[in-house]
Amino acid sequence: MKIKKGDNVKVMAGKDRNKTGKVIQVFPGSDKVVVEGVNIMSKHMKTRRTGEKGQKLEFSGPVNASNVMLICPKCSKPTRVGSKVLVDGAKKEKVRTCKKCNEVIA
Ligand SMILES: [Zn+2]
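Residues numbered from 1 in each chain as written. Predicted model: local features only at pLDDT ≥ 70, side-chain atom pairs only at ≥ 80, totals over all residues. Heavy atoms only, no water.

Undergrad: Residues and numbers for the pairing of strand 1 (residues 8-11), please.
TA: Of the two faces of strand 1, the one lined by Val9 and Val11 is fully buried and the one lined by Asn8 and Lys10 carries no buried residue. Bridging between strand 1 and strand 7 (residues 68-71) involves three bridges; their strand directions are antiparallel. Across the sheet, the residue bridging to Lys10 is Met69, located in strand 7. (Buried < 20%, exposed > 50% of the residue type's maximum accessible area, 1.4 Å probe, protein only. Helix = DSSP H or I, 4+ residues; strand = E, 2+ residues; numbered from the N terminus. Pairing = 2+ DSSP bridges.)

Undergrad: Go over the layout of surface pockets with me, naming the residues and quoting the values.
TA: Volume-wise, the largest pocket comes out at about 230 Å³. If you trace the largest pocket, you find 13 residues lining it, with Lys2, Ile3, Ala65, Val68 and Val81 closest to the centre. Here the element with the most residues in the lining of the largest pocket is strand 7; it accounts for three residues. Its residues assigned to classes, the lining of the largest pocket shows seven nonpolar, two polar and four charged. (1 Å grid on protein atoms, 1.4 Å probe; cavity = no way out; pocket = protein on both sides within 12 Å on 5 of 7 lines; lining within 4 Å. Points joined across faces, edges and corners; volume = space filled by probe spheres on them. Nonpolar A, V, L, I, M, F, W, Y, C, P; charged D, E, K, R; others polar.)

Undergrad: Lay out the sheet that holds strand 3 (residues 32-35) with the relevant residues and their values.
TA: As a general point, the strands of a sheet are linked pairwise by backbone hydrogen bonds and lie either parallel or antiparallel. Strands sit in the order 6-3-2-1-7-8 across an open sheet of six strands; the sheet is antiparallel. Each having just a single partner strand, strand 6 (62-64) and strand 8 (78-79) make up the two edges of the open sheet. Of the pairings in the sheet, the one linking strand 3 to strand 6 comprises three bridges and is antiparallel in character. Bridge pairing in strand 6 places Val33 opposite Val63.

Undergrad: With reference to specific residues and values, describe a nonpolar patch on the surface.
TA: Taken together, Met41, Met45, Leu57 and Phe59 make up a surface patch of nonpolar side chains, about 320 Å² in accessible area. Within the secondary structure, Met45 sits in the loop between strand 4 (40-44) and strand 5 (56-60). (Patch = residues over 30% accessible without salt bridge, like charges linked within 9 Å, V, L, I, M, F, W, Y side chains within 5 Å. Areas by Shrake-Rupley, 256 points an atom, 1.4 Å probe, with all protein chains shown as cover. Salt bridge = Lys/Arg side-chain N within 4 Å of Asp/Glu carboxyl O.)

Undergrad: Tell me about the sheet that holds strand 9 (residues 81-88), and please be specific about residues and values.
TA: Read across the open sheet, the three strands follow the order 9-10-11; overall the sheet is antiparallel. Since the sheet does not close on itself, it has two edges, and those belong to strand 9 and strand 11 (104-105), each with one partner.

Structure, rendered in structure tokens:
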């Protein structure tokens, strides 16, 4: 998966289209990500005692990773993510790159 926790992304599809936010959780197995403030869902907590008010809990639900685009920290544009291998002596490191400005994304 190209999206990592802590990335800033832009939502490209669905009810929260064009919203941007920070990735707070990734589910690599199902290709889903949770983006702060996106796909808000609410759940009603059950009352434990009579007379107590039920609480509404709001949280961000997972969205498909294919529906979000990484916002490049260098050029601030939503971009597709490329990859390249950096070679430093005997050490090889696969890094993500921005398809727009070709900068390496940490
Ligand atoms: Zn860029």
